[in-house]
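Overview (structure and organization)
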Amino acid sequence: MSEATVSTRPISQDRIRLRNRRNAADFRLRAYGIAAIGTAIGLLAILLFTLVIGGYSAFVQTHIRVDFPIAAENVDPANPAEGNWRAVVSDAMATLLPGSQSPAETRQIAQILTSNTQFFVRNAVLANPDVIGGTLTLDVPAADIFDQLNKGNISRDTPEANRRVSDQQIGWFDTLVEQGRISTPFNWGLFFNADSRFPEIAGLAGAITGSFYALLVCFVISFPVGIAAAIYLEEFAPKNRWTDIIEVNINNLAAVPSIVFGLLGLAVFLQIFGLPRSAPLVGGLVLALMTLPTIIIVTRNALKAVPPSIREAGYGMGASPQQVIWHHVLPLSLPGILTGTIIGLAQALGETAPLLLIGMNAFITSPPGGVMEASTALPTQIYIWADSPERGFVSRTSAGILVLLGFLLLMNAIAIFLRQRLERRW
Amino acid sequence: MDMVAGKVKMTQQSVNTAMDPSDMLERPIRLTARDVTVHYGAKQALHGISIDIPDRAVTSFIGPSGCGKSTFLRCINRMNDTIEGAKVGGTIKLDGEDVYDPNLDVVELRARIGMVFQKPNPFPKSIYENVAYGPRIHGLARGKTDLDEIVVSSLRKAGLFEEVKDRLNEPGTGLSGGQQQRLCIARAIAVGPEVILMDEPCSALDPIATAIIEELIDELRENYTIVIVTHSMQQAARVSQRTAFFHLGNLIEEGVTEDIFTNPVNKQTQDYIMGRIG
Ligand SMILES: Nc1ncnc2c1ncn2[C@@H]1O[C@H](COP(=O)(O)OP(=O)(O)O)[C@@H](O)[C@H]1O
Ligand SMILES: [Mg+2]
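Quick caveat: nothing in here was measured; it's all calculated off a predicted structure.

The next thing to look at is the overall build of chain A. Each helix and strand counted, chain A has 17 helices and 3 strands in total. Whereas a compact globule of 426 residues would reach a radius of gyration of roughly 22 Å, chain A reaches 31 Å, over 25% beyond that. Each of the 426 residues in chain A was classed as buried or not, and the buried ones make up 43%. Long-range pairs, those at least 24 residues apart, make up 74% of the contacts in chain A with a sequence separation of at least 6. A total accessible area of about 22,300 Å² is found for chain A, and carbon and sulfur atoms account for 62% of it.

Looking now at the site of ligand 1. All names here are of chain B. With respect to spatial proximity, the complete set of residues near ligand 1 consists of Tyr40, Lys43, Ala45, Ser65, Gly66, Cys67, Gly68, Lys69, Ser70, Thr71 and Ile83. Within the backbone of glycine 68, a nitrogen or oxygen atom sits 3.1 Å from an oxygen atom of ligand 1. Within the side chain of threonine 71, an N or O atom sits 2.5 Å from an oxygen atom of ligand 1. Elements with a minimum of two residues in the shell around ligand 1: strand E2 (43-54) and helix H3 (69-76). Sort the elements by how many residues they give to the shell around ligand 1 and H3 lands first, with 3 residues. Taken together, the residues that form the shell around ligand 1 break down as 4 nonpolar, 5 polar and 2 charged.

Turning our eyes to something else, we now look at the nonpolar core. Residues Phe61(B) and Phe72(B) are the most contacted members of the largest nonpolar core, which totals 51 residues. Setting aside residues no more than four positions away along its own chain, Phe61(B) makes contact with Ile51(B), Ile53(B), Lys69(B), Phe72(B), Leu73(B), Val227(B), Ile228(B), Val229(B), Thr230(B), Ala244(B) and Phe246(B). With 40 residues, the next largest nonpolar core counts Ala207(A), Val217(A), Phe261(A) and Leu378(A) among its residues.

Across a sheet, strands are paired by hydrogen bonds formed along the backbone, either parallel or antiparallel in direction. Residues and elements named next belong to chain B. Judged by pairing direction, the sheet is antiparallel, and its 4 strands sit side by side in the order E2-E1-E4-E5 without closing on themselves. Two strands in the sheet have a free side with no partner beyond their single neighbour: E2 and strand E5 (97-98). Two elements, strand E1 (residues 29-40) and strand E4 (residues 86-94), share 8 bridges in a ladder whose sense is antiparallel. If you follow alanine 33 over to E4, its bridge partner there is isoleucine 92.

Turning our attention to the domain arrangement of chain A. Residues and elements named next belong to chain A. Here chain A is partitioned into domain 1 (58-187) and domain 2 (205-425). With centres defined by C-alpha atoms, the gap from domain 1 to domain 2 works out at 45 Å. Between domain 1 and domain 2, roughly 630 Å² of surface is buried when both sides are summed, and carbon and sulfur atoms account for 55% of that area. Where domain 1 meets domain 2, there are 0 salt bridges. Run the count over domain 1 and domain 2 and you get 1 residue pair in polar contact (both at pLDDT 80 or more).

Bringing unusual backbone geometry into the picture now. Backbone geometry places Ser278(A), a non-glycine residue, at a positive phi of 65°. Residue position: Ser278(A) is located in the loop between helix H11 (258-272) and helix H12 (280-304). In the Ramachandran plot, Asp35(B) falls in the positive-phi region, its phi being about 55° despite a non-glycine side chain. Inspection of the secondary structure puts Asp35(B) in strand E1.

Let us now look at the layout of surface pockets. Its volume calculated, the largest pocket comes out at about 640 Å³. Looking at the largest pocket, it is lined by 21 residues, and the ones nearest its centre are Glu234(A), Glu235(A), Arg311(A), Tyr315(A) and Thr82(B). At the level of secondary structure, the elements contributing two or more residues to the lining of the largest pocket comprise helix H9 (205-236), H12 and helix H13 (308-316) of chain A together with helix H4 (106-112) of chain B. Here the element with the most residues in the lining of the largest pocket is H13(A); it accounts for 4 residues. Residues of the lining of the largest pocket, tallied by class, amount to 10 nonpolar, 1 polar and 10 charged.

Turning our eyes to something else, we now look at the packing of helix H3 (residues 85-94) of chain A against helix H4 (residues 103-110) of chain A. All names here are of chain A. At their nearest, the axes of H3 and H4 sit 9 Å apart, and the two run at 105° to each other. With respect to H4, the axis of H3 lies roughly perpendicular. Of the residues in H4, those touching H3 at Ser90, Met93 and Ala94 are Thr106, Ile109 and Ala110. By residue class, the composition of the contact of H3 with H4 is 4 nonpolar, 2 polar and no charged.

Cut-offs and rules
Residues numbered from 1 in each chain as written. Chains lettered and ligands numbered in written order. Predicted model: local features only at pLDDT ≥ 70, side-chain atom pairs only at ≥ 80, totals over all residues. Heavy atoms only, no water. Helix = DSSP H or I, 4+ residues; strand = E, 2+ residues; numbered from the N terminus. Rg over C-alpha atoms; globule rule 2.2 N^0.38 Å. Buried < 20%, exposed > 50% of the residue type's maximum accessible area, 1.4 Å probe, protein only. Contact = heavy atoms within 4.5 Å. Areas by Shrake-Rupley, 256 points an atom, 1.4 Å probe, with all protein chains shown as cover. Near = heavy atom within 4 Å. Polar contact = N/O pair within 3.5 Å; in protein donor to acceptor, adjacent residues only side chain to side chain. Nonpolar A, V, L, I, M, F, W, Y, C, P; charged D, E, K, R; others polar. Core = buried A, V, L, I, M, F, W, Y, C linked by side-chain atoms within 4.5 Å. Pairing = 2+ DSSP bridges. Domains from an automatic or database assignment. Buried area = accessible area lost by both parts, 1.4 Å probe. Salt bridge = Lys/Arg side-chain N within 4 Å of Asp/Glu carboxyl O. 1 Å grid on protein atoms, 1.4 Å probe; cavity = no way out; pocket = protein on both sides within 12 Å on 5 of 7 lines; lining within 4 Å. Points joined across faces, edges and corners; volume = space filled by probe spheres on them. Axes fitted to C-alpha atoms, helices over the stretch in contact; angles between N-to-C directions. Parallel < 35°, antiparallel > 145°, perpendicular 65-115°, else oblique.

Written as structure tokens, this is what we have:
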């Protein structure tokens, strides 16, 4: 029946052409969109792929099992801390490989281990003094070139002259492999060691602690100040020229290049207030300046999103403005505020330029004990490592970026979780 | 402009003489407004409203949309204080006490004059918390049992208790529109007001929910002074004893509801009642 009525309308060629052109335009628009998203996802995949390829080997570390004879002549049981640890290590190395070796060869064999081996041995003995007079067996990190050799990053096919390890060293290493002394466990040192000149024992502990302190300072300052400022501007401030100017400036502040905040921190916090260089406190203050406008803007948007009917209901019940805000408006806008804050903090976590200016790219070999102690942060640590030529640091740079991305992902996941958790209640 | 103002004064005099004196004697006056004006910024929304609102009766405000009914209603409990740029002139007295006296506590005033809004707006909290909120902030309950009692009796008075007694801890926003509006009435009642202002309380509701609310309003009249804004003349005729007709920011005519609908004095009122002003 309907077909009959439809077919009575003449279908002119013009209308068909018009329709086809419209459909083609629709199709093209959709295709452009899909192409754009595909490009974005492709670029992201390339980024992650190169990072994983470059960085995965830093998540494991070659270790060598060595038996250290702790002779009483080298280590005084009464005063083990003052022992001759260098001799302990060279004694162990002299007997590590079979066959007689010249002293020069022994010294070269010792270079298979990380240069800090004597400190590892010392700490192990201090922790367990009963071993003095006996033998201590330890898994010691291999020096970077042997680590890379073991991971296949140094090719044995390269002519010896172009290789950083000699054929003789490769022979020694292979003997150790045959003896079952080589293991490649997960590299906990990447997370629990501080920075070092030697890539095999360099880790992110200092940077993670430094970033944590800096973000803590940033949060403690920018969260309450940002929320208070947003509440005042949104709920109490008269709408006049002055508040307009303030609003415009806050929006502009959010777009100021971060390095400018670094300069400000350098001039104000270091030079005028005399705060210590490289301290997470200063880093946190600078990051707080950067995060503040973000928090003010997201908080104002979250407050604006609360329906006016809720405020009316509150005022209608005789609640004071302060009660309306605390009892009704803030609880409703909290999910938005928290999400925005966490995303602001995640931004701050990845921020590098301002931290470089206040010296958080120093070479520091122990994690900071507090906000006033010199430290690096995750992005600046990556920056330092990216500048180092050693093969081990190259892969650690990628690994560091992966760790940073992991933290960012975690923070965003927390933001999403919080939002869903808090909003699900009603 | 002047001409219009003169005309308004004249009509008000004629309204006053048209009032039924026996009616006024029966019900003491609760609220008196004299020459109330409201400016929103440069725009004048009310041009000198004077009206007496009697105790324990329903007074309805009718008139075309935008004529200032809500604006005048919001003057009574000073809700216009929260609107930036709103300026109120004239006097409004509740039991002879000036509502705009600078020494008066607005919080206490709003406890005495409750308000129900056009769109049901329960707090996004539990049904219990919605009703308990007012008594809490005004310190009306001495303990948990006291508060429970207030909540239950308020829900009962709003005719909602039987429907929600098993789910007092569920969100108030999960109720139907009509139930939400009754929850808002219960919330207003919970602080023991003398006057209840209702701004088109049924405009967002279906006819059945509307009938329930209208019945409720009729019951509440026994204990409260009720002012209701409505865009429905039928509703005004059904629930109110007195009716005031607003037009373009002026109070055109006010009196016993029956008289207004059957025998309006003013030409504009006639036109509106007959559906000639929309
Ligand atoms: N918050 C406000 N700001 C500015 N003008 C307003 C505001 N509220 C109402 N008005 C104006 O005041 C007049 C009366 O509005 P209102 O009292 O809401 O009318 P009604 O409730 O009778 O429909 C209208 O012209 C409206 O545009
Ligand atoms: Mg209205």
